[in-house]
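Chains, contacts and geometry: an overview
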Amino acid sequence: MGKISSMFQKGKMTVSFEVFPPKKDDDIEKLYDTIKDLIDIRPDFVSVTYGAGGSTRDKTVEIASTIKNKIGIETMAHLTCVNSSEDDISRVLDELNSKNIQNVLALRGDPQQGQANFTKTSGGFGYAYELVNYIKKHNDWSICVAGYPEGHIETQDLKREMDYLKMKVDNGADFIISQLFFNNEDFLNFRDQAIKKGINKPIIPGIFPILNYNAIKKITSLCGAKIPKYLSDNLECKKDNPSEIEKIGIEHAISQSEELIKHDIAGIHFYTMNKSSQIKEIYNSIAKKIIRI
Ligand code: FAD
């Protein structure tokens, strides 16, 4: 346990999960049960999201600390620039440090609700690379950043996006986790371009199992990820049948993961949506193909 940046080994893969702080405090225990249910998989780390507008700041720290210090799995706390000055960020980092957490996913964050564009908070940061730069100076953190195989929804210019990713790495990012995608070619092209650009840090694909029709429609409309036609046709046919949607989503996540594993990926990160049984089903069917660290 410790810094995620020191976990990566050539020819081996990390396996990790993303969870989010539940809206209702009463559901936090359920989240811990979900994570305990995933222990069999021996996750290398669990990452905890940071709610829009910095709304879950305290919960993110509390949950990350419980996962690390009580459940015993390494954690990474997400941190955004939204609604935060340098001092606010510094306080969160101090708190994480005091809980023995040394891993941060540094993000700019999305524009606040009702705003079309991201607005930098006075005394804060306008881009993730500035946050990375600040965190790196603050302490010796292991820093992850976001990567966008299909471009970021505000930019969608893959070349410019790659320049910005390089800036994040040049400012101190140690590894990259990708936004969800459903077509492996997008990820593999993105990784090739990153290597050409001189980004020689691990790039972990983020796998999002489709478990709910309405949820996937909403998420893809927000982040711009494309669903291949055959998959989208399949989902449309079964949209009124939740268990069929889940079956299609799990099958796709398995085949996506299996193909990626053949391409020497540094790790695999599952967007769990705070669910364990479906994630276990996916993991168990690919487990034999993974050489773990
Ligand atoms: P940046 O890398 O700063 O990019 C933001 C935009 O600015 C992009 O359009 C980029 O092209 C552009 N840009 C970057 N640098 C420059 C520059 N130097 N000059 C001009 N333009 C530039 N959001 C949350 O609120 N909480 C979370 O916990 C969370 N977790 C995430 C985890 C992962 C793995 C991913 C992929 C995303 C996550 N997000 C989360 C979403 C993320 O906050 C949004 O995608 C956000 O809009 C961009 O954040 P970023 O860190 O990629 O920003």
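Above this text is the structure in question.
Summarised in this report is the structure supplied together with it.

If you tally the helices and strands in the protein chain, you get 10 helices and nine strands. Taking 293 residues into account, the globule formula puts the C-alpha radius of gyration at 19 Å, and the protein chain, at 18 Å, falls close to it.

Now for the site of the ligand. What surrounds the ligand is a group of 24 residues, the closest being Tyr50, Asp110, Tyr148, His152 and Thr155. Between the ligand and His78 there is a distance of 2.8 Å, counted from an oxygen atom to a side-chain nitrogen or oxygen. Within the side chain of His152, one N or O atom sits 2.7 Å away from an oxygen atom of the ligand. The fraction of the free accessible surface of the ligand (980 Å²) that becomes covered by protein chains is 88%. The set of elements that each furnish at least two residues to the shell around the ligand consists of β3 (75-80), β4 (103-107), α4 (128-138) and α5 (158-170). Residue classes in the shell around the ligand are distributed as 12 nonpolar, seven polar and five charged.

On to α4. For α4, the set of buried residues is Ala128, Leu131, Val132, Tyr134 and Ile135. Seen along its axis, α4 keeps its buried residues to an arc of 165°; they face one direction. As for α4, its buried residues are in contact with β3, α3 (86-98), β4, β5 (142-147) and α5.

Ile135 and Phe270 are the most contacted members of the largest nonpolar core, which has 66 residues in total. Discounting residues that sit within four places of it in the chain, Ile135 has contacts with Leu79, Leu93, Val104, Ala106, Trp141 and Ile143. Among the nonpolar cores identified, the runner-up in size contains 28 residues, and Phe8, Phe208, Ile210 and Ile216 belong to it.

Once that is clear, we can look at the environment of Lys70. Tracing the backbone through its elements, the reader meets Lys70 in helix α2 (residues 57-71). Looking at Lys70, the relative accessible area reads 71%, which means it is exposed. Separated by 38 residues in sequence, Lys70 and Tyr32 place their C-alpha atoms 10.0 Å apart.

Let's shift gears to α5. Its 13 residues place the ends of α5 18 Å apart at the C-alpha level, agreeing with the 18 Å of an ideal helix rising 1.5 Å per residue. Every buried residue of α5 is accounted for by Glu161, Met162, Leu165, Lys168 and Val169. Viewed along the axis of α5, the buried residues span an arc of 110°, placing them on a single side of the element. Along α5, exposed side chains directed more than 90 degrees from the buried face belong to Lys159 and Asp170. In this structure, the buried residues of α5 make contact with α4, β5, β6 (175-178) and α6 (184-196). Near the N-terminus of α5, the side chain that reaches the backbone nitrogen of Lys159, with its oxygen 3.0 Å away, is that of Asp157.

This part covers the pattern of salt bridges. Counting across every chain of the model gives 17 salt bridges. Residue Lys68 pairs with Glu74 through a salt bridge whose shortest N-O separation is 2.9 Å. Between Lys166 and Asp170 there is a salt bridge whose closest N-O contact spans 3.1 Å. Of the two residues, Lys166 and Asp170 both sit in helix α5, four residues apart, roughly one turn of that helix. For Asp170, a relative accessible area of 53% puts it in the exposed group. Because the salt bridges share partners, they merge into one network encompassing Asp37, Asp40 and Lys280.

Each aromatic ring pair is described using two quantities: the centre-to-centre distance and the angle formed by the ring planes. This model, assessed by the stated rule, comprises eight aromatic pairs. Ring geometry for Phe45 and Phe175: centres 6.2 Å apart, planes at 70°, overall edge-to-face. Here the residue Phe45 occupies a position in strand β2 (residues 45-48), and Phe175 occupies one in strand β6, the gap between them amounting to 130 residues. Like Phe45, the residue Phe175 is buried in the burial classification. The interplanar angle of 50° and the centroid separation of 6.5 Å between the aromatic rings of Phe187 and Phe190 together place this pair among those described as tilted. Here Phe190 and Phe187 lie together in helix α6, a separation of three residues that amounts to about one turn. For the pair formed by Phe187 and Phe190, the shared burial category is buried. Three or more aromatic residues joined by ring pairs form one cluster here, namely Phe8, Phe45 and Phe175.

This part covers the sheet that holds strand β8 (residues 206-207). Taken together, the nine strands give an open sheet; going across it, the order is β7-β6-β5-β4-β3-β2-β1-β9-β8, and neighbouring strands pair in parallel fashion. Looking along the sheet, the strands with just one partner apiece sit at the ends: β7 (203-204) and β8. Relative to β3, β2 runs parallel, the two being bridged by three bridges. The partner of Val48 across the bridge, within β3, is Ala77. The sheet contacts of α4 involve β3, β4 and β5, and relative to β4 the element is tilted by about 150°.

About the cut-offs
- Residues numbered from 1 in each chain as written.
- Predicted model: local features only at pLDDT ≥ 70, side-chain atom pairs only at ≥ 80, totals over all residues.
- Heavy atoms only, no water.
- Helix = DSSP H or I, 4+ residues; strand = E, 2+ residues; numbered from the N terminus.
- Rg over C-alpha atoms; globule rule 2.2 N^0.38 Å.
- Near = heavy atom within 4 Å.
- Polar contact = N/O pair within 3.5 Å; in protein donor to acceptor, adjacent residues only side chain to side chain.
- Areas by Shrake-Rupley, 256 points an atom, 1.4 Å probe, with all protein chains shown as cover.
- Nonpolar A, V, L, I, M, F, W, Y, C, P; charged D, E, K, R; others polar.
- Buried < 20%, exposed > 50% of the residue type's maximum accessible area, 1.4 Å probe, protein only.
- Arc of directions from axis to C-beta.
- Contact = heavy atoms within 4.5 Å.
- Core = buried A, V, L, I, M, F, W, Y, C linked by side-chain atoms within 4.5 Å.
- Expected span 1.5 Å × (residues − 1).
- Salt bridge = Lys/Arg side-chain N within 4 Å of Asp/Glu carboxyl O.
- Phe/Tyr/Trp six-rings, centres within 6.5 Å; stacked < 30°, edge-to-face > 60°.
- Pairing = 2+ DSSP bridges.
- Axes fitted to C-alpha atoms, helices over the stretch in contact; angles between N-to-C directions.

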